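A structural walkthrough
Here is how the chains run, residue by residue.
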Amino acid sequence: MFAVVLLVTPDNGYSQEQAGLPVLSISVLQFGTAHWELDHLQYRKLDQQNGYRLDLKLVANLPASRLAVTSGSVHGAVADLLWAQSRFKAGAPYLYVPFSSQIGDIVVPEASSIHSVAGLAGKRIGVAGGPDSKGWVLLTKVAKRQGIDLARDARVQFAAPPLLNEALKRGQVDAIVTYWHFSARLRGEGGWRSAFGMTDLLEALELDPNLPVLGYVFPSEWAQQHAGLIESFARSLQQAKAELAGEPSHWQRLRPLMGQSTDAVFEALREGFVAGTPAPLTEQRRGDLQRLLVLTGADTETLMPESLLYRSPP
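Residues numbered from 1 in each chain as written. Predicted model: local features only at pLDDT ≥ 70, side-chain atom pairs only at ≥ 80, totals over all residues. Heavy atoms only, no water.

Turning to the overall build of the protein, a few remarks are in order. From N to C terminus, the protein includes 15 helices and 10 strands. In terms of overall size, the protein behaves like a compact globule, its C-alpha atoms giving a radius of gyration of 20 Å where 314 residues would be expected to give roughly 20 Å. With the principal axes as the frame, the protein shows a C-alpha extent of 65 × 50 × 40 Å. Put simply, of all contacts in the protein between residues at least 6 apart along the chain, 77% involve residues at least 24 apart. When the accessible surface of the protein is totalled, it reaches about 14,200 Å², and 52% of it is carbon and sulfur. The protein carries 29 positive and 31 negative side-chain charges, and their two centres are separated by 4 Å. (Helix = DSSP H or I, 4+ residues; strand = E, 2+ residues; numbered from the N terminus. Rg over C-alpha atoms; globule rule 2.2 N^0.38 Å. Contact = heavy atoms within 4.5 Å. Areas by Shrake-Rupley, 256 points an atom, 1.4 Å probe, with all protein chains shown as cover. Lys, Arg positive; Asp, Glu negative; His and termini not counted. Charge placed at Lys NZ, Arg CZ, Asp CG, Glu CD.)

Below you can see the structure in the form of structure tokens.
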């Protein structure tokens with residue numbers, strides 16, 4: 001069991017006229033990366049410019065965010081592709097609107113000899129998110145194509161990302177497979193680097209390297225009934241992403257949401273977020289997302305259809 005903690009939704013100063021706009025409610029982690037762009041979207045009133053009002057429900061943890069959307073207390077939330085697939089298999093389909101193509105990172109000390117998948121053989125590897133995490137599954141798939149069974153040929157331990165960062169600093173592991181923003185913090189501190197990129201793993205599996213593995217999810221039936229609202233949200237998201245990518249000064253206002261950090265860590269987080277801006281979801285990328293699901297264990301008979309992978313109108 002876990003406790004659901006809903007935090008106070010910030011007062012965005014909407015006037016009575018603005019309050020008459022259709023509302024789109026989304027649960028988001030208070031210090032999660034999606035909050036950065038959604039807060040910017042609200043601040044710049046990109047929601048109102050597109051004919052709706054965004055209502056953010058800040059939550060303290062991922063289970064609370066998922067429960068908020070599955071219980072119907074909000075319209076949408078942030079989830080990864082594997083979660084959307086699991087809900088489809090369970091008979092509860094969700095529309096998936098791309099958010100980020102950041103899968104994660106493999107981090108090693110600056111002086112490490114590890115520069116490739118083969119270099120991980122015989123090493124101590126810390127993995128965030130458990131054995132089913134996307135980054136670890138992709139890494140093991142590529143390793144097996146090279147004749148390496150990391151579960152057998154390396155010493156693997158699973159733990160929470162902050163614990164893995166500390167283990168790496170103490171020399172208790174040789175490499176960690178972690179979420180991108182934890183990697184960015186390490187690299188921003190100095191003394192740490194990416195051993196190789198997750199995009200290298202996707203390319204080794206003959207997949208497009210820019211796949212939106214994180215998205216905003218909305219119950220499919222509700223999304224069909226509110227297709228115009230979803231389009232308005234997707235359009236305002238594109239505008240927010242473009243502004244954040246094109247004008248670094250916007251990030252200074254967001255800095256308090258990004259945690260206590262040095263300038264170098266702040267820049268690494270900003271650059272990592274912008275680098276994760278997903279490319280347009282073409283037919284090829286939609287197909288590659290389905291192939292990625294199959295590679296990570298989805299059954300082809302219960303595979304999430306392409307129609308649930310949102311693509312903005314031309």
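Next comes the rest of the description.
Bringing the environment of Ala-223 into the picture now. Within the secondary structure, Ala-223 is located in helix H11 (residues 220-225). Once the C-alpha coordinates of Ala-223 and Tyr-96 are considered, the two residues, 127 residues apart in sequence, prove to be 9.9 Å apart. Residues contacting Ala-223, with those up to four places away along its chain left out, are Leu-95, Phe-218 and Ile-230.

A few words now on helix H4 (residues 62-70). Along H4, the positions that sit buried rather than exposed are Ala-64, Ser-65, Ala-68 and Val-69. Along the axis of H4, the buried positions cluster into a sector of 130°, meaning they face one direction only. Looking at where H4 begins, the residue whose side-chain oxygen comes 2.8 Å from the main-chain nitrogen of Ala-64 is Asn-61. Of the residues flanking the end of H4, it is Gly-72, one or two places downstream, whose phi is positive at about 85°. (Buried < 20%, exposed > 50% of the residue type's maximum accessible area, 1.4 Å probe, protein only. Arc of directions from axis to C-beta. Polar contact = N/O pair within 3.5 Å; in protein donor to acceptor, adjacent residues only side chain to side chain.)

Take the sheet that holds strand E8 (residues 175-178) next. Strand order in this open sheet of 5 strands is E7-E6-E8-E5-E9, and the pairing throughout is mixed. The sheet is open, and its two edges are formed by strand E7 (155-159) and strand E9 (192-196), each paired on a single side. Averaged over all adjacent pairs, the angle separating strand axes in this sheet is 30°, with direction ignored. In the sheet, strand E5 (residues 105-109) pairs with E9 via 4 bridges, with the strands oriented antiparallel. If you follow Ile-106 over to E9, its bridge partner there is Phe-196. Sitting on the sheet, helix H6 (residues 134-145) is in contact with strand E6 (124-128), E7, E8 and E9, with an inclination near 120° to E8. Lying over the sheet, helix H9 (residues 180-189) contacts E5, E8 and E9, oriented at roughly 130° with respect to E9. (Pairing = 2+ DSSP bridges. Axes fitted to C-alpha atoms, helices over the stretch in contact; angles between N-to-C directions.)

Time to look at the environment of Asp-55. Within the secondary structure, Asp-55 sits in strand E2 (residues 53-59). Along the backbone, Asp-55 and Gln-157 are 102 residues apart, and their C-alpha atoms lie at a distance of 39 Å. At 3.3 Å, the side chain of Asp-55 and the side chain of Lys-57 are in polar contact.

What follows is about the UniProt feature "domain: SsuA/THI5-like" (unreviewed entry) in the protein. According to UniProt, the positions carrying the feature "domain: SsuA/THI5-like" (unreviewed entry) are residues 101-248. Along residues 101-248 one finds 46% helix and 20% strand; the C-alpha atoms at either end are 20 Å apart. (UniProt positions renumbered as here; feature names shortened; annotations may be inferred.)

According to the domain assignment, the protein contains domain 1 (23-101 + 211-308) and domain 2 (104-205). When domain 1 packs against domain 2, close to 1,300 Å² is buried across both sides, 74% of that on carbon and sulfur atoms. When residues of domain 1 are sorted by the area they lose upon contact with domain 2, Val-265, Leu-269 and Leu-295 head the list and together hold 35% of the total. The tally of links from domain 1 across to domain 2 stands at 1 salt bridge. Residues Lys-134 and Asp-80 are paired through a salt bridge, measuring 3.4 Å at the closest nitrogen-oxygen approach. At the boundary of domain 1 with domain 2, the tally comes to 3 residue pairs in polar contact (both at pLDDT 80 or more). Elements supplying a minimum of two residues to the side of domain 1 that touches domain 2: helix H2 (33-43), helix H14 (263-275) and helix H15 (283-295). (Domains from an automatic or database assignment. Buried area = accessible area lost by both parts, 1.4 Å probe. Salt bridge = Lys/Arg side-chain N within 4 Å of Asp/Glu carboxyl O.)

We now examine the sheet that holds strand E10 (residues 214-219). The strand order E2-E1-E3-E10-E4 describes an open sheet built from 5 strands, whose pairing is mixed. In the strand order of this sheet, the two ends are held by E2 and strand E4 (94-100), each with one partner. Strand-to-strand twist of the sheet, defined as the mean angle between neighbouring strand axes without regard to direction, takes the value 35°. By the bridge criterion, 6 bridges tie E4 to E10 in an arrangement that is antiparallel. By the bridge assignment for E10, Pro-98 is matched with Gly-215. This element, helix H5 (residues 81-89), spans strand E3 (76-80), E4 and E10 of the sheet and lies at about 105° to E3. Helix H12 (residues 227-246) rests against strand E1 (23-29), E4 and E10 of the sheet, and its axis sits at about 10° to E4.

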